[in-house]
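Letter by letter, the chains look like this.
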Amino acid sequence: MLKPIACLTLLLALAAGLLETFAQPPQGPMMGPPRRPPFPGGAGGFPGGPRPGGPGMRADAASRKIDNTAPRRSAQEDAKADHGLVANSDLELPAPGDKSPLGFEIEGDVVYGYLGNPSTDRTGWGVRLASGRDLDGDGTRQGRLTTTVKNLPADDGRWYRLHIRGLAQEKFSSAKKQLFLKAEFFADDGRNALDSISQNLYGSLEQLRSDVPSGATGATATAIWRTYAMEFRTPFPEVDTLRLTVGFRDGDGPSERGEFLVDEFKLKSIPDPAEYVALQSERATARSKLAKPSALEKLVPLGGRWYYDPRDGESRTLPEKFDHTNADRLYYLTERLEAPFADNTTAWLRRGYLDAAGKKVEQDRFVPDNLVIRFSKTHLELTSHSLPNHPTAVFPDAARAMDGSPNFIREQIRTFFIPLEPKENPEHRAMTGYENRYVMNPGPIGVAINGVVFFDPYDADAVEAFWRLDRCCGHPSPQQQYHYHKYPVCVKSPWVDDGSGHSPLIGFAFDGYPVYGPYESAGVMAKDLTDNRLNEFNVHTDPTRGPHYHVTPGKFPHIIGGYWGQVEAKNVRRGP
């Protein structure tokens, strides 16, 4: 183009910019079925033979030889530089062969070399992202510069700032406006892919070109050096490795002057932002106010694993409904009693959304009944306004922070019916890829505890939708329905699921089986189990919970891989 993510979080929502640029992180043994690689030839490959040009290319485009006269800083001088967490962050030291900076990889239409003419410019070494030339002869113009940072701490201090210094020449251009920073998260020393986030820089570049901040005039007035940055928090304590990228796609620069130059690539640890600290304080206060449930024998059974706590000698008659006034009295039993809907029943109809009538909202409006819960003898009934109760990206995406989606987030009132006693379907089939994605119905396949629906991993164009998602792992469909394609990292309230034990309930599939977060036990994700493994549906069973799904950050199918049980037909709508 987010140990959700996978997906990214109310925590990640505080990060500057928006969303994933590539459809998926790099391939590895934990990544499930093969996907289309983000660049032809896969990671590290340069299809079409040797790369044209060379690392020391002069400003004179006719030259294709290494410019050995270009000034190079010595290793002793380099040792004095402030590199942050990325060694060789100023890109001065070359890897063997001089074809990339030491510690970095380049791929696609990218050239390493001196960024100016040594006789006229005092610049430095760096990379050129060439939107105007197909350097590797693969028929496309796209490329990236990537480095890996390892041995990150697992405790506090998980906020980082990735920044580059770049200059967009006046002819640098992308047909689909794709110039991006990206951070991919890994555990187990980089072997276990978890999630990723990215930020599209093209909107900032267009604004820069419009504002002409240099005050200069003429064709090159906006071709100036500036810093582009992305701040983020690692989504899981297990993250010990980051793969960091600056890249572009869909280049259509009209000439060889269509380059984006990068001469600095830094990562630094930063203090927790004030907004994040305040949010954590609010969450701690909210958790402390949640009343402790009564003993199980004093609760009213509602069917399945659900119980109602009348408290203080009140009537044991079931309330007509549960909402923000009493959702903290509705419990779900695993090895403990959880109140999954507490703090998840209200939302805001935000300015720029569409209301249920399709009218554009001009002022934020509080929706106290965004989610209302009722019980019948056989079903948990969830009536939702389909509004996310967390930050979102701006939709429609006029700034092309992601894919330029024209879709709005629209209030849509719908009731979902979740069987209280789910039953396994002996004829169930798993989704192994796009070719059989419709083993589940198109569109919603389940619902989160905040009333927002789950979709399968794919969008209509047969590509996994992750590069189109905001930092809470959602976006609106062509029918204007906001939904999640992967672990919705913001659906945690009133808990913070940092892997101290088995993850809490985060929703239900339409077959009635529960969907849990990624953790099986303290520090162990369910997708990594060697005993009691998840099957291809993302299901396993244990004596406490029975059969249940786990989301699998960074691993297909991400939420569920098909219905394990018999689907409630009233939830299924035809069409995309």
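These numbers were taken from a predicted model, which means no experiment stands behind them. (Residues numbered from 1 in each chain as written. Predicted model: local features only at pLDDT ≥ 70, side-chain atom pairs only at ≥ 80, totals over all residues. Heavy atoms only, no water.)

### Quick word on the overall build of the chain
The helix and strand inventory of the chain stands at 4 helices and 29 strands. By residue count, 56% of the 576 residues in the chain fall in the buried class. Carbon and sulfur atoms make up 51% of the accessible area of the chain, which totals about 23,100 Å². (Helix = DSSP H or I, 4+ residues; strand = E, 2+ residues; numbered from the N terminus. Buried < 20%, exposed > 50% of the residue type's maximum accessible area, 1.4 Å probe, protein only. Areas by Shrake-Rupley, 256 points an atom, 1.4 Å probe, with all protein chains shown as cover.)

### Remarks on the sheet that holds strand 21 (residues 453-454)
Strands sit in the order 22-23-21-20-24-25-29-28 across an open sheet of 8 strands; the sheet is mixed. Both outer strands of the open sheet, strand 22 (474-476) and strand 28 (539-542), are each paired with one neighbouring strand and no more. Looking at chain direction, strand 28 and strand 29 (residues 546-550) are connected through 4 bridges and run antiparallel. Bridging across to strand 29, Val 539 finds its partner in Tyr 549. (Pairing = 2+ DSSP bridges.)

### Details of the packing of aromatic side chains
Counting across every chain of the model gives 24 aromatic pairs. Taken together, a centroid distance of 6.1 Å and an interplanar angle of 40° make the contact between Trp 306 and Phe 508 tilted. Of this pair, Trp 306 sits in strand 12 (residues 306-308) while Phe 508 sits in strand 24 (residues 505-509); the two residues are 202 residues apart in sequence, bridging distant segments of the chain. We classify Trp 306 as buried; its relative accessible area is 3%. Since its relative accessible area comes to 3%, Phe 508 is described here as buried. Clustering of aromatic rings is evident, with ring pairs tying together Trp 306, Tyr 308, Phe 322, Tyr 332, Phe 341, Phe 375 and Phe 508. Just above the ring of Tyr 228 sits the side chain of Arg 226; from NZ or CZ to the centre is 4.7 Å. (Phe/Tyr/Trp six-rings, centres within 6.5 Å; stacked < 30°, edge-to-face > 60°. Lys NZ or Arg CZ within 6 Å of the ring centre and 35° of its normal.)

### Considering the side chain of Glu 568
Structurally, Glu 568 is set in the segment after strand 29. For the buried Glu 568, no salt bridge exists, and the shortest N-O distance to an oppositely charged side chain is 4.7 Å, to Lys 570. Of the polar contacts made by the side chain of Glu 568, one reaches the backbone nitrogen of Lys 570; its length is 3.1 Å. In this view, Glu 568 contacts His 379, Phe 417, Pro 419 and Phe 510; residues no more than four positions away in its chain are not counted. (Lys, Arg positive; Asp, Glu negative; His and termini not counted. Salt bridge = Lys/Arg side-chain N within 4 Å of Asp/Glu carboxyl O. Polar contact = N/O pair within 3.5 Å; in protein donor to acceptor, adjacent residues only side chain to side chain. Contact = heavy atoms within 4.5 Å.)

### Thoughts on the state of the cysteines
In this structure the tally under the stated criterion is 1 disulfide. Cys 472 shares a disulfide with Cys 490; S-S distance 2.0 Å. In this structure the cystine formed by Cys 472 and Cys 490 twists about its S-S bond by roughly -70°; its chirality is therefore left-handed. Here Cys 472 is found in the loop between strand 21 and strand 22, whereas its partner Cys 490 is found in the loop between strand 23 (482-484) and strand 24, with 18 residues between them in sequence. For the pair Cys 472 and Cys 490, one class covers both residues: buried. (Disulfide = S-S within 2.5 Å.)

### Details of the sheet that holds strand 14 (residues 337-338)
Taken in spatial order, the 4 strands make up an open sheet running 11-12-13-14, and their pairing is antiparallel. Edge strands, defined here as strands with exactly one partner in the open sheet, are strand 11 (300-303) and strand 14. Across 3 bridges, the pairing between strand 11 and strand 12 is antiparallel. What sits directly across from Gly 303, in strand 12, is Trp 306.

### A few points about the pairing of strand 7 (residues 192-200)
Counting buried positions along strand 7 gives 9 out of 9 residues, so the element sits mostly inside the fold. Direction of pairing for strand 6 (residues 174-187) relative to strand 7: antiparallel, over a ladder of 8 bridges. Looking at strand 7, one finds that Phe 186 is bridged to Ala 193.

### A short note on the side chain of Glu 92
Here Glu 92 shows up in the loop between helix 2 (75-78) and strand 1 (104-108). Taking the relative accessible area as the measure of exposure, Glu 92 reaches 12% and is therefore buried. At 3.2 Å, the side chain of Glu 92 forms a polar contact with the backbone nitrogen of Trp 125.

So far we have only geometry, and geometry alone does not tell us how the molecule works.
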